[in-house]
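Summary of the model geometry
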Amino acid sequence: MVSTSSTTGAGDMYAGTDETTEGRVFTVTGQDWDSIAEGLADAGDADERVVVNMGPQHPSTHGVLRLILELEGETVTEARCGIGYLHTGIEKNMEFRSWTQGVTFCTRMDYLSPFYNEMTYVLGAERLLDIEDDIPEKAQVMRVLLMELNRISSHLVCIATGGMEIGALTVMTIGFRERELVLDLFELITGLRMNHAFIRPGGVAQDLPPGALDEIRDFIALMKKRLPEYAALCNANPIFKARLENVGHLDLAGCLALGLTGPVLRSTGYPWDLRKTQPYSGYEDYDFEVQTWDTSDSYGRFRIRLAEMWESLKIVEQAADRLARLEGAPVMVADKKIAWPSQLAVGSDGMGNSLDHIRHIMGESMEALIHHFKLVTEGFRVPPGQAYVPVESPRGELGAHVVSDGGTRPFRAHFRDPSFTNLQATSVMSEGGMVADVIVAIASIDPVMGGVDR
C-alpha cells in the first residue's frame, strides 16, 4: 500500500514505519496467494476480509493486468498490481539489431501510441549521431502530424474502453468508429495500421502519398463535428459524473512523489507538458494550449483527454498547411552514410519494389549497390555515448535511454514508459473506495500493458 498521508513520526512519508494514518503498510515483493493470505491472517479482522484476484482480463483491467484486492464487503482495503504477463524482451532484442531495425521493435511496446515509441528512440539516436539540426523540415512536420493523429486515436481508445467498462456502450462504439478513421490515415501514409516503423534515424521512411493532405483535411472537418458528441453524451451526464467524480483521487503532492505524468498529473491543475516545457521537433512553433483540470480525479482526466483531442486537431491542421508548402521537399537527411540510397517506390501492382526503384539502386554502379546492401544489412555506426530525449505521449513522459559503444547496434536501450510509472497510483487511488471504483481508477490511468512489461 502506498499512502500519501504523513507517517507517525518524522522522516520519509513513504518509508520508515509500518503504520500510517490510513492503516498498515504491506511491502510489495511479488508474493503470491499463500503468502498474502498468511500476511492477512496476522491482522485481527482477517475473518471479515477476503482476498480476490481481479484480472488479468479484458475489459476491466485493460488487458493483462492482475489486481490483488483485499475486500471488506464491497470496500477495497488494499490493492496491489501484478504485472509481467505481457513480457516481450523488446529492449534486450534491440541490442541484436541495427539502429534502424530497432524502430521495428520499440514501435510494438505501447501499441496504442507506436509513433511515440519510435520518436523518443530515434531522437536519442539522432542526438548521438549529432544530426539533430540536419533533419529536414518536412520530416519534422510529418513526425508532429503523425504523433498528434496518434494522440487522438489513443485518447479515443481510452475514452471508449473506459465508457464500456461502466456501461456507456455508445461511448465505446463511437470511440472506435472515430479511431478507425485515424487508422485509415496511418495506413495511407505508412502502409500499416499499427507497428509502423516509419520514423527512422534521419527522418521518416517515405514522403506523403498523393492525396494524403486532402484525406487529412477531410478527417479534420469530420472530427470537428464528431467530437462534440462525446461532450454531449458525457460531460454533464449525471450517471457518468457520479461514476467518475471524486473517484481515483490523487493530488499534486502524490503525483510528484510517485513520478506521475500526463493527464493524471495535469488533472491536479499542474500544466506540465513536454511539448511546451521541453519542446522537440519544432513544437515551439505550433499554436496550442496545455489542458488542465482542478479536481484531481477520474472525471478531470476524462475532460483533459477530450480537450487534448481538440488541441491535437489544431496542431494537425497547422502541420497539414505546412506540408502543403513543402511539396517535393526531402524527408531524410542528406548524409548517404545514414540515409538509404533510394526511397522505396511501390510497384504498379501495389506490391514489391517498382522497376524504377530497382534500376536506381542496381543500375548506377556496383559500389552503390554494395553500399546499399551494407547499409541495410549491417547498418551505420553511431558514436559512443548515451542520450535520453523524452516526448509527451498520450499517457505522459515517454523516454528512451539509448547507449552506444560505437557499433552498428544499440549497446543498451531502456524505456521510461509512463504506463509503468503511473500504475504506482493504483493503490492510493483504489483503497478506501468500492470495487466498482477500482475499474474507473484504472481506466483513468489509461495503462497499456505492452508498455509496462516490454
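Residues numbered from 1 in each chain as written. Predicted model: local features only at pLDDT ≥ 70, side-chain atom pairs only at ≥ 80, totals over all residues. Heavy atoms only, no water.

Broken down by element type, the protein chain carries 18 helices and 11 strands. Split into buried and exposed, the 454 residues of the protein chain put 54% on the buried side. Long-range pairs, those at least 24 residues apart, make up 68% of the contacts in the protein chain with a sequence separation of at least 6. For the protein chain, the exposed area adds up to about 19,500 Å²; of that, 54% sits on carbon and sulfur atoms. (Helix = DSSP H or I, 4+ residues; strand = E, 2+ residues; numbered from the N terminus. Buried < 20%, exposed > 50% of the residue type's maximum accessible area, 1.4 Å probe, protein only. Contact = heavy atoms within 4.5 Å. Areas by Shrake-Rupley, 256 points an atom, 1.4 Å probe, with all protein chains shown as cover.)

Before going further, it helps to spend a moment on the environment of Gln318. Residue placement: Gln318 occurs in helix 12 (residues 298–325). Linking Gln318 and Asp285, residues 33 residues apart in sequence, is a C-alpha distance of 9.8 Å. Discounting chain neighbours no more than four positions away, the residues touching Gln318 are Asp285, Tyr286 and Asp287.

Of the strand pairs in this sheet, strand 4 (residues 66–72) and strand 5 (residues 75–82) are connected by seven bridges, and their pairing is antiparallel. Counted as the bridge partner of Ile68 is Arg80 from strand 5. (Pairing = 2+ DSSP bridges.)

End to end, helix 6 (residues 169–190) covers 31 Å across 22 residues, agreeing with the expected 32 Å (1.5 Å per residue, within 8%). Residues of helix 6 that are buried: Val171, Met172, Ile174, Gly175, Glu178, Arg179, Val182, Leu183, Leu185, Phe186, Ile189 and Thr190. Residues of helix 6 that are buried in the fold lie against helix 4 (114–129), helix 5 (137–165) and helix 7 (212–235). Just past helix 6, the residue Gly191 takes up positive phi, approximately 95 degrees. (Expected span 1.5 Å × (residues − 1).)

Given a rise of 1.5 Å per residue, 24 residues ought to cover 34 Å, and the 33 Å separating the end C-alpha atoms of helix 7 matches this to within 8%. Of all the bends found along helix 7, the most pronounced is centred on Met223 and spans about 30 degrees. All of the buried residues along helix 7 are Ala212, Leu213, Ile216, Phe219, Ile220, Met223, Arg226, Leu227, Tyr230, Cys234 and Asn235. For helix 7, the secondary structure elements touched by its buried residues are helix 5, helix 6, helix 8 (238–244) and helix 12. (Bend = angle between axes of the 7 residues up to and from the residue.)

This part covers the environment of Tyr388. In this fold, Tyr388 is placed in strand 8 (residues 385–388). Counting along the chain gives 25 residues from Tyr388 to Ala413, while the straight-line C-alpha distance between them is 9.9 Å. In this view, Tyr388 contacts Arg127, Glu397, Gly399, Ala400, His401 and Arg416; residues no more than four positions away in its chain are not counted. Separated by 2.7 Å, the side chains of Tyr388 and Glu397 make a polar contact. (Polar contact = N/O pair within 3.5 Å; in protein donor to acceptor, adjacent residues only side chain to side chain.)

Strands sit in the order 3-4-5 across an open sheet of three strands; the sheet is antiparallel. Of all the strands in the sheet, just strand 3 (50–54) and strand 5 have a single pairing partner and so form its edges. Pairwise comparison of adjacent strand axes, ignoring direction, gives a mean angle of 25 degrees for this sheet. Strand contacts of helix 17 (residues 435–445): strand 3, strand 4 and strand 5, with the helix running at about 150 degrees to strand 4, the strand carrying the most contacts. (Axes fitted to C-alpha atoms, helices over the stretch in contact; angles between N-to-C directions.)

Under the definition given, this model contains 26 salt bridges. In this structure, Arg395 engages Asp110 in a salt bridge whose closest nitrogen and oxygen atoms are separated by 2.9 Å. On the criterion of sequence distance, the pair formed by Arg395 in the loop between strand 9 (391–393) and strand 10 (396–404) and Asp110 in the loop between helix 3 (102–106) and helix 4 is long-range, its members being 285 residues apart. The buried category is assigned to Arg395, whose relative accessible area is 1%. A salt bridge links Glu311 to Lys314; the nearest nitrogen and oxygen atoms lie 3.2 Å apart. Taken together, the residues span about one helical turn, with Glu311 and Lys314 both in helix 12 at a distance of three residues. What makes Glu311 buried here is its relative accessible area of 10%. (Salt bridge = Lys/Arg side-chain N within 4 Å of Asp/Glu carboxyl O.)

Let us look at the confidence of the model for the protein chain. A low pLDDT means the predicted coordinates there should not be read in detail. With 86% of its residues at a pLDDT of 70 or more, the protein chain has an overall mean of 84. The spread of mean pLDDT over the elements of the protein chain runs between strand 1 (residues 19–20), the lowest at 52, and strand 9, the highest at 93. Below pLDDT 50 for its whole length, residues 1–10 participates in 32 contacts with residues either more than four positions away or in separate chains. Counting contacts from residues 13–17, a segment whose pLDDT is below 50, to residues more than four positions away or on other chains yields 11 contacts. (pLDDT = per-residue confidence, 0-100.)

The next subject is the side chain of Thr120. Of note, Thr120 is situated in helix 4. At 2.7 Å, the side chain of Thr120 forms a polar contact with the backbone oxygen of Val389. Within the local environment of Thr120, its side chain forms a polar contact with the backbone nitrogen of Ala400, the two atoms lying 2.9 Å apart. Beyond its immediate chain neighbours, meaning those up to four positions away, Thr120 contacts Val389, Pro390, Val391, Leu398, Gly399, Ala400 and Phe415.

The next thing to look at is the packing of helix 5 against helix 6. In helix packing, the relevant descriptors are the interaxial angle and the interaxial distance, both defined with respect to the helix axes. The geometry of helix 5 relative to helix 6 is characterised by a closest axis approach of 8 Å and an angle of 155 degrees between their N-to-C directions. Between helix 5 and helix 6, the crossing angle belongs to the class labelled roughly antiparallel. In this structure, helix 5 meets helix 6 at a crossing whose hand is left-handed. Across the contact of helix 5 with helix 6, the residue classes break down as 17 nonpolar, five polar and two charged. (Parallel < 35°, antiparallel > 145°, perpendicular 65-115°, else oblique. Left-handed = near helix turned anticlockwise from the far one by under 90°. Nonpolar A, V, L, I, M, F, W, Y, C, P; charged D, E, K, R; others polar.)

Below, the discussion takes up a negative patch on the surface. A cluster of acidic side chains, namely Asp184, Glu187, Asp214, Glu215 and Asp218, defines a negative patch on the protein surface. Of all the secondary-structure elements, those providing two or more residues to the negative patch are helix 6 and helix 7. In terms of residue count, the dominant contributor to the negative patch is helix 7 (three residues). Relative to the helices and strands, Asp184 is located in helix 6. Given the relative accessible area of 38%, Asp184 is considered partly exposed. (Patch = residues over 30% accessible without salt bridge, like charges linked within 9 Å, V, L, I, M, F, W, Y side chains within 5 Å. Lys, Arg positive; Asp, Glu negative; His and termini not counted. Charge placed at Lys NZ, Arg CZ, Asp CG, Glu CD.)

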